[in-house]
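Residue-level structure breakdown
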Amino acid sequence: MSEQSVVGRSNLTLPNEREIRVERVFDAPPERVFAAYTDPEQIPQWWGPHGTTTIVEEFEPRTGGRWQFRSRDSDGGEIVFRGYFREVEAPTRISQTFEWDGMPGYVSVDTAVFEPFGEGQTRIVTTSIFYTAEERDGMIESGMEKGMNETYDRLDQLLAQG
């Protein structure tokens, strides 16, 4: 994405048959955005689409650490997301596995890179690598883009609070 990136607008691309790539600019410095990603007290304030509640059940943001979130919708339905941290380098990079109950047994490797951008902003570039094209397509078809955008909107709101 060029220097014309816009705060609050995600750019999702499919660079190859097994990858999803997302770029988004946030109006906060990398240290602040990274903290929101790695603080179990902040995660429930922004993680998940509108109308969901996230419960952090396990969270060890270090290489080899586990994470597990339970997301509850307004009707009481629940879904669990889980994985392992492969690499955590504050405040520039997080790489982790990602699995969710909606596609059990299909694990992607997600990497988020936090880059300084403009005056006090952060560009996050996230890549998700899947084992097969079918797994990647299944994730896209699940409605992940809508959920991701709502999640990032909630993160924008949290970051605006300071």
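Placed above this text is the structure.
The following paragraphs examine the structure supplied in this document. Predicted model, so just to flag it, every value in this text is computed and none were measured.

Observations regarding the overall build of the protein chain
If you tally the helices and strands in the protein chain, you get four helices and eight strands. Secondary structure elements of the protein chain, listed N to C terminal, follow the sequence β-β-α-α-β-β-β-β-β-β-α-α. Taken over the C-alpha trace, the protein chain has a radius of gyration of 15 Å; the compact-globule value for 162 residues is 15 Å, and the two agree within 12%. When each of the 162 residues of the protein chain is scored for burial, the buried share is 44%. Partitioning the intrachain contacts of the protein chain with sequence separation of at least 6 by distance along the chain shows that 45% fall at a separation of at least 24. About 8300 Å² of surface is accessible on the protein chain, with carbon and sulfur atoms providing 48% of the total. Within the protein chain, the 29 negative side-chain charges are centred at a point lying 1 Å from the centre of the 16 positive side-chain charges.

A few points about the environment of tryptophan 100
With respect to the helices and strands, tryptophan 100 occurs in strand S6 (residues 93-100). The class of tryptophan 100 is buried, set by a relative accessible area of 14%. A C-alpha to C-alpha distance of 4.3 Å links tryptophan 100 and phenylalanine 81, two positions 19 residues apart in sequence. Here tryptophan 100 is in contact with Ile79, Val80, Phe81, Met139 and Ser142, once residues within four sequence places are set aside.

A look at the sheet that holds S6
Taking strand neighbours across the sheet as the criterion, the eight strands line up as S1-S2-S8-S7-S6-S5-S4-S3 in an open arrangement whose pairing is antiparallel. Both edges of this open sheet fall to strand S1 (11-13) and strand S3 (53-59), since each of them pairs with a single strand only. Put simply, the sheet's adjacent strands are angled 20° from each other on average, direction ignored. Note that strand S5 (residues 78-89) and S6 share six bridges and pair antiparallel.

As for the pattern of salt bridges
Applying the stated criterion to the full structure yields 13 salt bridges. Across the pair arginine 82 and aspartate 101 runs a salt bridge whose closest N-O atoms are separated by 3.3 Å. Here arginine 82, found in strand S5, pairs with aspartate 101, found in the loop between S6 and strand S7 (108-117); they are 19 residues apart in sequence, far enough to count as distant. Of the residues examined, arginine 82 reaches a relative accessible area of 24% and is grouped as partly exposed. Put simply, arginine 136 and aspartate 137 hold a salt bridge, and the shortest N to O gap is 2.7 Å. Linked by salt bridges that have partners in common, Glu57, Arg70, Arg72 and Glu78 make up one network.

Rules of the game
Residues numbered from 1 in each chain as written. Predicted model: local features only at pLDDT ≥ 70, side-chain atom pairs only at ≥ 80, totals over all residues. Heavy atoms only, no water. Helix = DSSP H or I, 4+ residues; strand = E, 2+ residues; numbered from the N terminus. Rg over C-alpha atoms; globule rule 2.2 N^0.38 Å. Buried < 20%, exposed > 50% of the residue type's maximum accessible area, 1.4 Å probe, protein only. Contact = heavy atoms within 4.5 Å. Areas by Shrake-Rupley, 256 points an atom, 1.4 Å probe, with all protein chains shown as cover. Lys, Arg positive; Asp, Glu negative; His and termini not counted. Charge placed at Lys NZ, Arg CZ, Asp CG, Glu CD. Pairing = 2+ DSSP bridges. Axes fitted to C-alpha atoms, helices over the stretch in contact; angles between N-to-C directions. Salt bridge = Lys/Arg side-chain N within 4 Å of Asp/Glu carboxyl O.

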